[in-house]
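Commentary on secondary and tertiary structure
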Amino acid sequence: MSAMMSPPAVPAFSDALVILDYFGISVFAISGALVAAEKRQTLVTFIFFAVVTGVGGGTLRDLLIGAPVFWVHTNATLLLCIVAALVVWLVSHRRLSGRALLWFDAAGLAAYATYGADKALRFGVAPVPAFAMGVLTACVGGIVRDVLAGEPSILMRPELYVTAAALASGLFVGLSLGGVQPWLAATVAVAASFALRGAAIARGWSLPAYRD
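Reference entry: report on the structure contained in this document. (Residues numbered from 1 in each chain as written. Predicted model: local features only at pLDDT ≥ 70, side-chain atom pairs only at ≥ 80, totals over all residues. Heavy atoms only, no water.)

**Some thoughts on the nonpolar core**
- Among the nonpolar cores identified, the biggest contains 34 residues, and Phe-46, Leu-109, Ala-138 and Cys-139 are the most heavily contacted of them.
- Of all the elements in the fold, those that place two or more residues in this core are helix H1 (15-38), helix H2 (43-65), helix H3 (76-90), helix H5 (99-122), helix H6 (127-149), helix H7 (162-177) and helix H8 (182-203).
- At eight residues, the largest contribution of residues to this core is made by H1.
- Setting aside its immediate chain neighbours within four residues, Cys-139 contacts Leu-109, Ile-154, Tyr-161, Val-162 and Ala-165.
- Membership of the second largest hydrophobic core comes to 17 residues, among which are Leu-20, Ile-65, Ala-67 and Phe-172. (Core = buried A, V, L, I, M, F, W, Y, C linked by side-chain atoms within 4.5 Å. Buried < 20%, exposed > 50% of the residue type's maximum accessible area, 1.4 Å probe, protein only. Helix = DSSP H or I, 4+ residues; strand = E, 2+ residues; numbered from the N terminus. Contact = heavy atoms within 4.5 Å.)

Structure, rendered in structure tokens:
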């Protein structure tokens, strides 16, 4: 009788990087629910937007790198998204939106991009694709949210958003390849990405647009 095949082992993550993951999910789930609030949708739609935005990027990442989809085997992730939707439903979205949310989003973007790159590296993904996985993790949920809501996609905005995610992901991959401890590489990557996105928010920094 042939031995039963066991599921692939999931690499262990440090507590700091797991915190980055949950923080990113929470912030993006709130941003998804806020879009539903602006559209004056039902609670069901609030939850749907929170879930899609919170797990969208990580789901695509896991499918591409051959990892178990992170929210399928645990209750915590979807419960976190549901709680985020309920918070937005119960609290006036005007208290959560505006520049305050932009700053939370900046932190979530940096955290999620760093975690995505780290997870890809731990699953044996080559450095350049691992960099791409970090960017996808941070940006895909927001892209799907905007498409569903009929809003201009973040990809079509000149502001430094995807660039900040790329900075976090690229720095983490580069520092990890250089032998820097994961917690230190993550700290540097998150700080640099947050600083860049923060400067874009505070000073209106953007990339130059193409001109024919």
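Anyway, onward from the coordinates.
**Concerning the packing of H7 against H8**
- Direction vectors running N to C along H7 and H8 enclose 160°, while the axes themselves pass 8 Å from each other. What the angle tells us is that H7 and H8 run roughly antiparallel. When the axes of H7 and H8 are compared, the crossing they make is right-handed. Of H8, the residues touching H7 (which contributes Thr-163, Ala-164, Ala-165, Leu-167, Ala-168, Leu-171, Phe-172, Leu-175 and Ser-176) are Pro-182, Ala-185, Ala-186, Val-188, Ala-189, Ala-192, Ser-193, Leu-196 and Arg-197. (Axes fitted to C-alpha atoms, helices over the stretch in contact; angles between N-to-C directions. Parallel < 35°, antiparallel > 145°, perpendicular 65-115°, else oblique. Left-handed = near helix turned anticlockwise from the far one by under 90°.)

**Things to note about the packing of aromatic side chains**
- On inspection of all chains with the given rule, the structure shows four aromatic pairs.
- Ring centres of Phe-48 and Phe-49 lie 6.2 Å apart, and the angle between their planes is 75°; on these two criteria the pair is classed as edge-to-face.
- Judged by relative accessible area, which is 10%, Phe-49 ranks as buried.
- In this arrangement the basic side chain of Arg-61 is found over the ring face of Phe-70, its NZ or CZ atom lying 5.5 Å from the centre. (Phe/Tyr/Trp six-rings, centres within 6.5 Å; stacked < 30°, edge-to-face > 60°. Lys NZ or Arg CZ within 6 Å of the ring centre and 35° of its normal.)

So, to be careful, I would describe these as geometric facts and stop short of saying anything about function.
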